[in-house]
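What follows is the residue order along each chain.
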Amino acid sequence: MPTNPDEPFYCSQQIDIPPDLLDILKQFTKAAIRSQPIDILPWSAAYFRAMSKGELPPVKERLEMPLASQRTDTGLTPGLLRVLNKQLGPKKKVTVTQIEEKWMDLALPKEQFDDLMRVGGFSGQIEWNRFLALAASLLSDNITDTMRVICETLTVDPEGGPARINYVVFKDLYQFLAHIDGEISESQISEVLSYLQSEVDKQEGKVMPRNFMNANCPSLS
């Protein structure tokens, strides 16, 4: 019974529960558990905003267990990088504002986003893959491992597969990162690409981590 005599009394038969509510809440709960957001409130707002617009929400494909060797000081993880790629990758070219919105939806550090913009010289509309490549460097200690992360993020191969990507994409991103590094000579870059080209010709224009992490491949840095 209501404590206030003027308060209306409702019984279960009078409460109309939207038929889709239970399924929506179930899917949201599963997504939150799988994604483990740093800050649940802004992530939830981003989740339902994306759903209402028919866009991909900021949801990881699976629960991500950090590896002992993985850098975690950045906030960014391979799983979150894949989330960003799923949301923005299909656009090919995106604005800085679009990337910032998705970045902040994941509660990732704003100062780190600003650093990536500065280091990459990004402004206005930019190539998504180049931002992704620079962001991947946050997860790695060297350019070889960064290229591995890039391959694993961009590949359409199933998880645990060879992580192949188009050689043209690899070449562009490797040269981009090498030039930003500033300590990798043009001759070194040419040696790497020349070696990989001979491998790529046997692999239908694809390159994979196994190729550039092979002991026979010239050092990427």
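Residues numbered from 1 in each chain as written. Predicted model: local features only at pLDDT ≥ 70, side-chain atom pairs only at ≥ 80, totals over all residues. Heavy atoms only, no water.

Going by what an unreviewed UniProt entry lists, the protein is known as RIIa domain-containing protein and is assigned to Pomacea canaliculata. Under the UniProt heading Subcellular location (unreviewed entry), the entry covering the protein gives this text: "Cell projection, Cilium, Flagellum". Recorded in UniProt under Sequence similarities (unreviewed entry), the annotation for the protein is "Belongs to the ropporin family." (UniProt positions renumbered as here; feature names shortened; annotations may be inferred.)

Colleague: A description of the environment of isoleucine 150 should follow, citing residues and the corresponding values.
Modeller: Mapped onto the fold, isoleucine 150 is located in helix H7 (residues 143–154). In this structure the C-alpha to C-alpha distance between isoleucine 150 and leucine 134, which are 16 residues apart in sequence, comes to 9.4 Å. Setting aside its immediate chain neighbours within four residues, isoleucine 150 contacts Leu132, Ala133, Ala136, Leu173 and Leu177. (Helix = DSSP H or I, 4+ residues; strand = E, 2+ residues; numbered from the N terminus. Contact = heavy atoms within 4.5 Å.)

Colleague: Break down unusual backbone geometry for me, citing the residues and quoting the values.
Modeller: Not every positive phi belongs to a glycine, and glutamine 36 is a case in point at roughly 50 degrees. Residue position: glutamine 36 is located in the loop between helix H1 (21–35) and helix H2 (40–53). Of note, glutamate 204 is a non-glycine position whose phi angle comes to about 55 degrees, a positive value. Note that glutamate 204 resides in the loop between helix H9 (186–200) and strand S4 (206–207).

Colleague: How would you summarise the packing of aromatic side chains if you had to cite specific residues and measurements?
Modeller: Between two aromatic rings, the relevant description is the distance of the centres plus the angle of the planes. In total, this model carries 13 aromatic pairs according to the counting rule given. The rings of Trp103, Phe113, Phe122, Trp128, Phe131 and Phe176 are connected pair by pair, giving a single aromatic cluster. (Phe/Tyr/Trp six-rings, centres within 6.5 Å; stacked < 30°, edge-to-face > 60°.)

Colleague: So, empty space enclosed by the protein: which residues are in play, and what are the values?
Modeller: Taken as a whole and judged by the stated rule, the model has one cavity of 30 Å³ or more. When its volume is computed, the largest cavity comes out at roughly 40 Å³. Around the largest cavity, the lining residues are Ala46, Arg49, Ala50, Lys53, Glu55, Glu101, Lys102 and Asp105. Elements with a contribution of two residues or more to the lining of the largest cavity: H2 and helix H4 (96–105). Per-element tally for the lining of the largest cavity: the top contributor is H2, with four residues. Residues of the lining of the largest cavity, tallied by class, amount to two nonpolar, no polar and six charged. (1 Å grid on protein atoms, 1.4 Å probe; cavity = no way out; pocket = protein on both sides within 12 Å on 5 of 7 lines; lining within 4 Å. Points joined across faces, edges and corners; volume = space filled by probe spheres on them. Nonpolar A, V, L, I, M, F, W, Y, C, P; charged D, E, K, R; others polar.)

Colleague: Please provide a residue-by-residue account of the packing of helix H3 (residues 78–88) against helix H6 (residues 128–136), values included.
Modeller: It is at 11 Å that the axes of H3 and H6 come closest, and there the two elements cross at 175 degrees. In terms of orientation, H3 and H6 fall into the roughly antiparallel class. Residues Leu81, Leu84, Asn85 and Leu88 of H3 lie in contact with H6, whose contacting residues are Trp128, Leu132, Ala135 and Ala136. (Axes fitted to C-alpha atoms, helices over the stretch in contact; angles between N-to-C directions. Parallel < 35°, antiparallel > 145°, perpendicular 65-115°, else oblique.)

Colleague: Break down the environment of leucine 76 for me, citing the residues and quoting the values.
Modeller: Looking at the element boundaries, leucine 76 is found in the loop between H2 and H3. Of the residues examined, leucine 76 reaches a relative accessible area of 1% and is grouped as buried. Along the sequence, leucine 76 and leucine 106 sit 30 residues apart, while their C-alpha atoms lie 9.0 Å from each other. (Buried < 20%, exposed > 50% of the residue type's maximum accessible area, 1.4 Å probe, protein only.)

Colleague: Run through the side chain of threonine 153, naming residues and quoting values.
Modeller: Following the sequence through the fold, threonine 153 ends up in helix H7. Its relative accessible area of 7% is what places threonine 153 among the buried residues. There is a polar contact of 2.8 Å between the side chain of threonine 153 and the backbone oxygen of valine 149. (Polar contact = N/O pair within 3.5 Å; in protein donor to acceptor, adjacent residues only side chain to side chain.)

Colleague: Describe the pattern of salt bridges, and please don't skip the residues or the numbers.
Modeller: Within the structure shown, the criterion is met by twelve salt bridges. With a closest N to O distance of 3.7 Å, aspartate 115 and arginine 118 form a salt bridge. With aspartate 115 and arginine 118 both in helix H5 (residues 110–120) and three residues apart, the pair spans about one turn of that helix. A single salt-bridge network, built from bridges that share partners, covers Glu61, Arg62 and Glu159. (Salt bridge = Lys/Arg side-chain N within 4 Å of Asp/Glu carboxyl O.)

Colleague: Any details on H5? Residues and values, ideally.
Modeller: Taken together, the buried positions of H5 are occupied by Gln112, Phe113, Leu116, Met117 and Gly120. Projected down its long axis, H5 shows its buried positions confined to an angular sector of 145 degrees, all on one face. Across from the buried face of H5, at angles greater than 90 degrees, the exposed residues are Glu111 and Arg118. At the exit of H5 stands glycine 121, carrying a positive phi of roughly 65 degrees. (Arc of directions from axis to C-beta.)

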